[in-house]
Amino acid sequence: MEAVPARARAYIACVVTAALLCLLPQPGTHTTWWAVVLLAGLYAGCERVARSRFVGISHPAGTFYPVLLAGAFLLPAPAAALVAVPGALLSQVGQRPVALRRVWRAAQLVLGVWAAARTHRLLGGPEAVAAGDVPYALGPAGAAVLAFCLVLALLDGGILAVAERVPVRRAWRGLVARSLAPIAVHGLAGLMMAVLWRSPYGPVAALLVLLPMCVSWWAFAQYHREHAAHQATIRALVQAVDIKDGYTRGHSERVGQASMMIARELGMADERVEVLRFAGILHDVGKLGVPTRLLRKDGPLTPEERRVIELHPEYGHEMVRGIGFLGEARAAVLHHHERLDGSGYPYGLVGRQIPESARVVAVADAFDAMTSTRSYSRARPVAVALAELERCAGSQFDPVMVAALVDAVGRTGWHPAVTADDDETRPPRVPPPGAHLSGRPGAHR
């Protein structure tokens, strides 16, 4: 988003205008301004702590919602929306343009909090909070949280569609489902803050609710920090493979992308889609154990050299079997060169004996190899590569995985990248026996 398209700037301008209109005070409403200042300062402070070195990373939820939702339960809609502005405008932003991102986030939160406060008030929530009638207060609070979540999802999907050209049918997919549960927990904490705020114990008691929330926030952030460390580990392994076998630079990432497309097409859960992406990225990590002279050899491989190269799935499995978070990706690393008819390697597994993750990666691997330019072969058109996969379905590839990739590519397209050195002065490299030019798409190095 560093170079923001004009359509995205226009969209943001419309959202900011709507947010400014929401901040206009309503006639006939009384606002406790000291409460607005206190909550705004508290929210800004929580945002700074959440993005500090104490936490370690920017929290995946994006902001500290309990304070904002407490404001929605306690204050008129314009005043509640104002609580979000200082913290959003002063928040740390890791990507450019910084100012535009801060303004966008502030406008988004203003609209979300305003919608939550209006919904809460229309359903009689403030009276239930003032009376301390918690069971009755849950209904209006739940509706307010849902309104808040829907507004944020609507705006997030819109910016994806206009700024990053994500297809409309995909821009909003899963946004509400992924965010509703965490926001609901924050909403419950916000309701507790509001009830205690209106109780005889006052705002000081309300602030105590934030202590367990901060602890859970920190623990959750540490989990995501560990996840980021996992990603860094995988990137380091892939970079090592790319350096060693420069002819396939970028191949691993594209196989990960194609594996993810197949998994999503099959309706797999998000966690499993992520694991299969890891499987695709790491499928060739065993090449680190293969002599570089064989990977870069200009000329046909001898049978003995070919047997050495065919050990790379086992080398890869040995490298990653101790990495617990990879799950079934480890089986894909070991078995991605198996064939349904039993003629693959390293163990000659047949049909359903081959793990599902390996059957996914095998299709993704062959597809990218056929659609990428190498020193010994030009890239095939996507349609030709898909036709070749369909021809080999049932004997080499799982027909279900092939059909899933065909459907996914038909909807979203595929843009293969050149991975080899195109310098025409370089001596031509002879394709290895059984490479893709021979019609066996899974037999590449």
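Computed from a prediction, not measured in an experiment: that's the story for all the values here.

### Examining the overall build of the chain
1) Next: The number of helices and strands found in the chain is 20 helices and 0 strands.
2) Next: The proportion of buried residues among the 445 residues of the chain is 49%.
3) Next: When contacts within the chain are restricted to residue pairs at least 6 apart in sequence, long-range pairs at least 24 apart make up 72% of them.
4) Next: Element-wise, carbon and sulfur atoms account for 62% of the exposed surface of the chain, whose accessible area totals about 20,400 Å².

### Notes on a nonpolar patch on the surface
1) Next: Taken together, the side chains of Val134, Leu138, Leu188 and Met192 make up a nonpolar region of the molecular surface, amounting to roughly 340 Å² of accessible area.
2) Next: When residues of the nonpolar patch are traced back to their parent elements, those giving at least two are α7 (134-163) and α9 (175-198).
3) Next: The partly exposed category is assigned to Leu188, whose relative accessible area is 45%.

### With respect to the UniProt feature "transmembrane region" (unreviewed entry) in the chain
1) Next: Taking the numbering used here, the UniProt-annotated feature "transmembrane region" (unreviewed entry) corresponds to residues 9-26, 62-85, 141-163, 175-197 and 203-221.
2) Next: With 100% helix and 0% strand, the stretch residues 141-163 has end C-alpha atoms that lie 33 Å from each other.
3) Next: With 100% helix and 0% strand, residues 175-197 has end C-alpha atoms that lie 32 Å from one another.

### Quick notes on a positive patch on the surface
1) Next: Taken together, Arg169, Arg170, Arg173, Arg178 and Arg264 make up a surface patch of like positive charges.
2) Next: Summarising the element assignment, Arg169 is placed in helix α8 (residues 168-171).

### Some thoughts on the packing of aromatic side chains
1) Next: Counted according to the given criterion, the structure contains 4 aromatic pairs.
2) Next: Considering the side-chain rings of Tyr65 and Phe148, the 5.1 Å spacing of their centres and the 80° angle between planes classify their relative orientation as edge-to-face. Of this pair, Tyr65 sits in helix α3 (residues 65-74) while Phe148 sits in helix α7; the two residues are 83 residues apart in sequence, bridging distant segments of the chain.
3) Next: Note on Phe148: relative accessible area 0%, which makes it buried.

### Examining the environment of Ala143
1) Next: Mapped onto the fold, Ala143 is located in helix α7.
2) Next: Separated by 27 residues in the primary sequence, Ala143 and Ala116 place their C-alpha atoms 7.7 Å from one another.
3) Next: Ignoring anything within four residues of it in the chain, the contact list for Ala143 reads Thr119 and Leu123.

### So, the nonpolar core
1) Next: Counting residues in hydrophobic clusters, the biggest one holds 45 residues, and the most contacted among them are Leu75, Leu109 and Phe148.
2) Next: Those elements that provide at least two residues to this core are α2 (33-50), α3, α4 (77-90), α5 (98-122), α6 (125-131), α7 and α9.
3) Next: By residue number, the principal contributor to this core is α3, which donates 8 residues.
4) Next: Apart from the residues within four sequence positions on either side, Leu75 is in contact with Thr32, Ala35, Val36, Leu39, Ala80, Val83, Ala117 and Arg121.
5) Next: Listed in part, the 44 residues of the second largest apolar core include Val275, Val320, Ala362 and Phe367.

### Describing the pattern of salt bridges
1) Next: Under the defined criterion, the tally for this structure stands at 12 salt bridges.
2) Next: The shortest N-O distance in the salt bridge between Arg391 and Glu388 comes to 2.7 Å. Of this pair, Arg391 and Glu388 both sit in helix α19 (residues 382-392), 3 residues apart, roughly one helical turn.
3) Next: Judged by relative accessible area, which is 53%, Arg391 ranks as exposed.
4) Next: Salt bridges here are not isolated pairs; linked through shared partners, they connect Arg272, Glu328 and Glu356.

### So, the side chain of Ser357
1) Next: Looking at the element boundaries, Ser357 is found in helix α18 (residues 356-371).
2) Next: A polar contact is formed between the side chain of Ser357 and the backbone oxygen of Glu328, at a distance of 3.1 Å.
3) Next: Once residues lying within four places of it in the same chain are set aside, the contact partners of Ser357 are Leu276, Glu328, Ala331 and Ala332.

Basis of the calculations
- Throughout, a residue's number is its position along its own chain's written sequence, starting from 1.
- Reporting in this predicted model follows two pLDDT cut-offs: at least 70 for local features of residues, and 80 or more for side-chain atom pairs to be given and counted; totals over whole chains, interfaces and linings ignore these cut-offs and use all residues.
- Water and hydrogen atoms were dropped before computing side-chain values, which therefore reflect all heavy atoms in the structure.
- Comment: elements are numbered from the N terminus, with helices defined as DSSP H or I runs of at least four residues and strands as E runs of at least two.
- Remark: exposure states derive from per-residue accessible area (1.4 Å probe, protein chains only) relative to the maximum for the residue type, with buried under 20%, exposed over 50%, and partly exposed in between.
- What makes two residues a contact is simply this: any of their non-hydrogen atoms within 4.5 Å.
- Residue burial considers only the protein chains on display, and all accessible areas are found by Shrake-Rupley using a 1.4 Å probe.
- Exposure above 30% relative accessible area and the lack of any salt bridge qualify a residue for a patch; like charges then connect within 9 Å, and the nonpolar side chains Val, Leu, Ile, Met, Phe, Trp and Tyr within 5 Å.
- Put simply, a salt bridge is a Lys or Arg side-chain nitrogen that is within 4 Å of an Asp or Glu carboxyl oxygen.
- UniProt positions are given in the numbering used here, feature names are shortened, and annotations may be inferred rather than shown by experiment.
- Lys and Arg are tallied as positive, Asp and Glu as negative. Neither His nor the chain termini are counted.
- Working definition for charges: the position is that of NZ of Lys, CZ of Arg, CG of Asp or CD of Glu.
- A pair of aromatic rings is counted whenever rings of Phe, Tyr or Trp (Trp by its six-membered ring) have centres within 6.5 Å, and the orientation is called stacked for planes under 30 degrees apart, edge-to-face for over 60 and tilted otherwise.
- For this analysis, a nonpolar core means a set of buried residues of the types Ala, Val, Leu, Ile, Met, Phe, Trp, Tyr and Cys, connected via side-chain atoms within 4.5 Å.
- Side-chain atoms alone can form a polar contact between residues adjacent in sequence; in general such a contact is a pair of N or O atoms within 3.5 Å, and within protein one must be able to donate a hydrogen while the other accepts it.

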